[in-house]
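Examining the three-dimensional arrangement
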Amino acid sequence: MTQHHDTLRAVTWQDNKLQLIDQRKLPHHHEILSLETAQATAQAIHDMVVRGAPAIGITAAYGVVLAAREAYRQSPTDWMALIGKDIEALANSRPTAVNLFWALRQMQALFPQINGDPEPVLLAAAQQIQQADIAANYFMGELGASYLPQGKSVLTHCNTGSLATGGYGTALGVIRNGYATGKIKHVYADETRPWLQGARLTAWELVQDQIPVTLLVEGAAAALMRQGQVAWVIVGADRITANGDVANKIGTYSLAVLARYHGIKFMVVAPSSTVDMQLATGQQIVIEERLKEEVLRLNGQTIAATGALAWNPVFDVTPAELIDVIITEKGAIENPTTEKMQAVFNASL
Ligand SMILES: CSC[C@H]1O[C@H](OP(=O)(O)O)[C@H](O)[C@@H]1O
């Protein structure tokens, strides 16, 4: 299946159902799950059928559409009272990406103004959230690429492309724009243990787009940086707090420390649905820990010594002082501080 970034969609609404690429099966198997309930949607987010902060938010928005359909079918007059358990299931699916909670708030804010069947209004709202995310990605792609020198290499972490968003991507959107405009000549992607979003998803997206990508294990990042090949490290985010601290895939903090040590610039790319101005610093972010088996096993095979335990936080927090610029659809925040974040976000809240 050859799909390019402008058509690749992790999340689609088709035939009155939510359709998700099962990202657990990529890159060798391209399977679609069709979902018709909010509970199944919450399970799909938890199981990482779909993952990536913006994609999780968009999926949750469609989950609310499915929840409203079911509640209205049960009781056209009391559907708002019945929908709560499904909203709660969606809210409990994964804790770190604030996009999920942002999307649920956006959708629930519409409830009081709905008369009659909620589905048409809520479906239009969910589709608008996805379209706005795609538009934001194209804008951020251009804004982020404007920071890049000509003809250099960049390093990225995890997957921040069409598979992690409404389409096109955040950090991968900058990389797509940077490659198309000649700013980027080569992309280094680390494999991103334990779930291998880099090796399985980012490499797949870039190969599909014929963008040269070299995979490395996380442990090789310092040696690569020391060779002087990398001009920028470009990553996504799952939650950005009011002072500019960034929660992102585990290993991001290590890359930020290494980048600063090697005099390499560090860019975070995320839409405003990833910004949480209610949290003062990254210390307050809930970091998801997943099953230890994700570390101890790979493709169903045990790779660790029997009896070994594992610690599996799937995000870490990069302090704002290690970030050179945060790219959002509301503008760039260079050397982020609380004051600079408030100038961009509180003004727009
Ligand atoms: C476009 S942001 C994607 C963001 O989400 C990823 O986490 P996960 O794959 O566990 O959902 C990772 O933190 C990416 O940077």
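Residues numbered from 1 in each chain as written. Predicted model: local features only at pLDDT ≥ 70, side-chain atom pairs only at ≥ 80, totals over all residues. Heavy atoms only, no water.

The name given to the chain in an unreviewed UniProt entry is Methylthioribose-1-phosphate isomerase, with the source organism recorded as Beggiatoa alba B18LD. Turning to the chain, the UniProt annotation filed under Function (unreviewed entry) states: "Catalyzes the interconversion of methylthioribose-1-phosphate (MTR-1-P) into methylthioribulose-1-phosphate (MTRu-1-P). Also catalyzes the interconversion of 5-deoxyribose 1-phosphate and 5-deoxyribulose 1-phosphate. Part of a bifunctional DHAP-shunt salvage pathway for SAM by-products." (UniProt positions renumbered as here; feature names shortened; annotations may be inferred.)

1. A few points about the site of the ligand
Lining the immediate environment of the ligand, one finds 19 residues, of which G52, R94, D238, N248 and K249 sit closest. Taking D238, its side chain carries an N or O atom lying 2.4 Å from an oxygen atom of the ligand. Measuring from an oxygen atom of the ligand, one finds a side-chain N or O atom of K249 at 2.7 Å. Contact with the protein chains removes 99% of the 400 Å² of surface that the ligand exposes when unbound. Sorting the residues of the shell around the ligand by element identifies helix 2 (53-74) and strand 9 (246-249) as the ones contributing at least two each. Looking at the shell around the ligand residue by residue, the classes come out as seven nonpolar, eight polar and four charged. Each of domain 1 (11-135) and domain 2 (148-345) accounts for three or more of the residues forming the shell around the ligand. (Near = heavy atom within 4 Å. Polar contact = N/O pair within 3.5 Å; in protein donor to acceptor, adjacent residues only side chain to side chain. Areas by Shrake-Rupley, 256 points an atom, 1.4 Å probe, with all protein chains shown as cover. Helix = DSSP H or I, 4+ residues; strand = E, 2+ residues; numbered from the N terminus. Nonpolar A, V, L, I, M, F, W, Y, C, P; charged D, E, K, R; others polar. Domains from an automatic or database assignment.)

2. Things to note about the side chain of D133
Along the chain, the position of D133 falls in helix 6 (residues 119-145). Look at D133: it is buried, it has no salt bridge, and the nearest opposite charge is R9 at 8.8 Å. (Buried < 20%, exposed > 50% of the residue type's maximum accessible area, 1.4 Å probe, protein only. Lys, Arg positive; Asp, Glu negative; His and termini not counted. Salt bridge = Lys/Arg side-chain N within 4 Å of Asp/Glu carboxyl O.)

3. Here we look at the environment of T170
Inspection of the secondary structure assignment puts T170 in the loop between strand 4 (152-156) and helix 7 (171-180). Using a relative accessible area of 4% as the deciding quantity, one classes T170 as buried. Between the C-alpha atom of T170 and that of A223, which follows or precedes it by 53 residues, the distance is 26 Å. Apart from residues no more than four positions distant in its own chain, T170 is found in contact with N137, M140, T160, T165, G236, V269, A270 and P271. (Contact = heavy atoms within 4.5 Å.)

4. A few points about the UniProt feature "site: Transition state stabilizer" (unreviewed entry) in the chain
In this structure's numbering, the residues bearing the UniProt feature "site: Transition state stabilizer" (unreviewed entry) are C158. If sequence neighbours within four positions are ignored, C158 has contacts with R51, D190, T192, Q197, G198, T202 and K249.

5. Some points on the UniProt feature "active site" (unreviewed entry) in the chain
Taking the UniProt record as the reference, the feature "active site" (unreviewed entry) is found at D238. Turning to its location among the elements, D238 is positioned in the loop between strand 7 (230-235) and strand 8 (239-241). Those residues within four positions of D238 in sequence are excluded, and the remaining contacts are A53, T96, A97, V98, N99, A247, N248, K249, T274 and F315.

6. So, the sheet that holds strand 11 (residues 275-276)
Read from one edge to the other, the open sheet built from four strands follows the order 11-8-9-14, with strand pairing classed as mixed. Each of the sheet's edge strands pairs with one partner strand only, and the pair in question is strand 11 and strand 14 (315-318). Both strand 8 and strand 11 contribute to a ladder of two bridges, which runs parallel. Within strand 11, the residue paired with I240 across the bridge is V275. Contacting strand 9 and strand 14, helix 10 (residues 252-261) crosses the sheet at an angle of about 35° to strand 14. (Pairing = 2+ DSSP bridges. Axes fitted to C-alpha atoms, helices over the stretch in contact; angles between N-to-C directions.)

7. What about the pattern of salt bridges?
As enumerated under the stated definition, the model contains 15 salt bridges in all. Note that D324 is salt-bridged to R260, the shortest N-O span being 3.8 Å. Here the residue D324 occupies a position in the loop between strand 14 and strand 15 (325-328), and R260 occupies one in helix 10, the gap between them amounting to 64 residues. Relative accessible area serves as the criterion here: at 13%, D324 is assigned to the buried category. On the basis of relative accessible area, R260 is assigned to the partly exposed category, the value being 37%. We note a salt bridge from K265 to D324, for which the minimum N-O separation is 4.0 Å. Linking K265 in strand 10 (residues 265-269) with D324 in the loop between strand 14 and strand 15, this pair joins segments that are 59 residues apart in sequence.

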